[in-house]
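Structure assessment
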Amino acid sequence: MVLLLIAVLAFLTVALAVMAAALALEESPRVINVRLEKYLGNSPTTSRPAKLVTTFRTSLRRAGKVFEASDYVARLGGELERAGLPFGGPELLAFSVFMAVGLAFIFFILSHRLLIAFTMGILGALGPIVAVRIHLRKRLSVFNTQLADALTTISNSLRAGYSFMQAMDVVSREMLPPLSEEFLRTLKEIQLGASVEEALTNLAGRVRSDDLELAVTAILVQRQVGGNLSEVLDNIAATIRERIKIKAEIRTLTTQGKLSGLIIGILPLAVGGIMSVISPGYIAPLFTHPLGRLMVGYAIVSELIGAFLVWRIVSIEV
């Protein structure tokens, strides 16, 4: 318990030192912002937690400048943009390094084992990136669910006499995020001088949704050759709803397989943990004897292969 407290205090000391250094470096720009806020009519007073968050983000931004030239950081920035998160790729990568070093330091103090510290450092580095990608998948799923209603709204607006731009404005005001945010951004691009075709192409490239690409392609073709856009959008909306329905049915049918794979994957770990508690001496040779370590390594590889095969079997594209 004492070692844990020492490790946590050391980690917090390092974090506060970094934040204090960033605050000292940011003092001059902060004074300028305060002076400008007086003329803009905004209140320059902010809460201390908000200042700490701002300072921490500034620290990450400054530290992330080291990684700005990397292609991976550029791709990571694109994922953050698609996820709708107000961070840049260098900031996220700097935060991942910060988490990796902090967790590795804490667990090395607690366990005095390099392997455990290295493992926790890897988890700390991958954790923020995995969280961003999970958020991105959820956001895309919500967007696809909203898209059919948005196309129906555009179709009804066109029938009511609205222009296409007015129909998109209705969607941006009436729908919920994330779809409303993306449509509003598209409208702003058009207002700033981009053509409708270019703005819609940017929308499809930014969201990367198959359903949206289908709708954008239909709209672009209609703008070039003419036709009844309302009827086209209704047909696409019906197709998207059917696809969502089929995906839900497939998800229901494959739930049993996913659950079986999860149970089979967790069962060896659970049995090993129970045996370590009930009879530590009985299971100890599995981790101390060379043959036992070989068996553990083989079991881990087999678990990963089995989990991958189960995941591929139950993943059905529609």
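Predicted model, so just to flag it, every value in this text is computed and none were measured. (Residues numbered from 1 in each chain as written. Predicted model: local features only at pLDDT ≥ 70, side-chain atom pairs only at ≥ 80, totals over all residues. Heavy atoms only, no water.)

In the predicted model, the protein chain carries a mean pLDDT of 80, and 78% of its residues have values of at least 70. Under a pLDDT of 50 for its full length, residues 18–32 has, in the predicted model, twelve contacts with residues more than four places off or in other chains. Overall, residues 38–45 carries pLDDT values under 50, and its contacts beyond four positions in sequence, including any with other chains, amount to four contacts. (pLDDT = per-residue confidence, 0-100. Contact = heavy atoms within 4.5 Å.)

The next thing to look at is unusual backbone geometry. Cis geometry marks the peptide bond from Pro177 to Pro178; its omega dihedral reads 5 degrees. By secondary structure assignment, the location of Pro178 is in the loop between α7 (164–174) and α8 (179–191). Phi angles above zero are rare outside glycine, and Arg208 is one such case at about 60 degrees. Examined against the element boundaries, Arg208 turns out to sit in the loop between α9 (196–207) and α10 (210–225). Under the relative-accessibility criterion, Arg208 is labelled exposed at 51%. (Helix = DSSP H or I, 4+ residues; strand = E, 2+ residues; numbered from the N terminus. Buried < 20%, exposed > 50% of the residue type's maximum accessible area, 1.4 Å probe, protein only.)

Remark: α7 packs on α8, axes separated minimally by 8 Å, with the N-to-C direction vectors making an angle of 145 degrees. α8 is crossed by α7, and the crossing has left-handed handedness. Residues Met165, Met168, Asp169, Val171 and Ser172 of α7 touch α8, and the partners they reach there are Leu179, Ser180, Phe183, Leu184, Thr186, Leu187 and Ile190. Residue composition of the contact of α7 with α8, grouped by class: eight nonpolar, three polar and one charged. (Axes fitted to C-alpha atoms, helices over the stretch in contact; angles between N-to-C directions. Left-handed = near helix turned anticlockwise from the far one by under 90°. Nonpolar A, V, L, I, M, F, W, Y, C, P; charged D, E, K, R; others polar.)

Going through the model one piece at a time under the given rule, you end up with 13 salt bridges. Between Arg241 and Asp149 there is a salt bridge whose closest N-O contact spans 3.0 Å. Within this pair, whereas Arg241 is found in helix α11 (residues 229–278), its partner Asp149 is found in helix α6 (residues 114–159), the two being separated by 92 residues in sequence. For Arg241, a relative accessible area of 37% gives the class partly exposed. Several salt bridges converge on common partners, so that one network encompasses Glu81, Arg139, Glu181, Glu182, Arg185, Glu189 and Arg206. (Salt bridge = Lys/Arg side-chain N within 4 Å of Asp/Glu carboxyl O.)

Membership of the largest hydrophobic core comes to 33 residues, with the highest contact counts inside it found for Leu151, Ile154, Phe164, Leu179, Phe183 and Leu200. Listing elements by their share of this core, those giving two or more residues are α6, α7, α8, α9, α10 and α11. Looking at this core element by element, the count peaks at seven residues for α6. Setting aside anything within four residues of it in sequence, one finds Phe164 in contact with Ile154, Leu158, Val196, Leu200, Ile219, Arg223 and Leu229. Judged by nonpolar contacts, the second largest core, of five residues, contains Leu76, Leu80, Ile129 and Val132. (Core = buried A, V, L, I, M, F, W, Y, C linked by side-chain atoms within 4.5 Å.)

Another aspect to go through is helix α4 (residues 71–83). One turn of the α-helix equals 3.6 residues, which is why residues spaced by three or four share an orientation. Here α4 is 13 residues long and its end C-alpha atoms lie 19 Å apart, about the 18 Å a rise of 1.5 Å per residue gives. Turning to α4, its buried residues are Val73, Leu76, Glu79, Leu80, Arg82 and Ala83. Summarising the contacts, the buried residues of α4 are in contact with α5 (89–111), α6 and α9. Within two residues after α4, Gly84 carries a phi angle of roughly 75 degrees, on the positive side. (Expected span 1.5 Å × (residues − 1).)

It is worth spelling out the packing of aromatic side chains at this point. Overall, the coordinates contain one aromatic pair when judged by the stated rule. A ring pair is formed by Phe308 and Trp311, whose centres lie 6.2 Å apart and whose planes are at 35 degrees; its orientation type is tilted. Pair noted here: Phe308 and Trp311 are both in helix α14 (residues 290–314), with a separation of three residues, about one helical turn. The exposure class of Phe308 is partly exposed, given its relative accessible area of 49%. (Phe/Tyr/Trp six-rings, centres within 6.5 Å; stacked < 30°, edge-to-face > 60°.)

Orientation of α6 relative to α11, taken along the N-to-C sense of each, is 160 degrees, at an axis distance of 9 Å. Looking at the two axes, α6 sits roughly antiparallel to α11. α6 and α11 meet at a crossing whose hand is left-handed. Residues Asn144, Thr145, Leu147, Ala148, Asp149, Leu151, Thr152, Ile154, Ser155, Leu158 and Arg159 of α6 pack against Leu229, Ser230, Glu231, Leu233, Asp234, Ile236, Ala237, Ile240, Arg241 and Ile244 of α11. (Parallel < 35°, antiparallel > 145°, perpendicular 65-115°, else oblique.)

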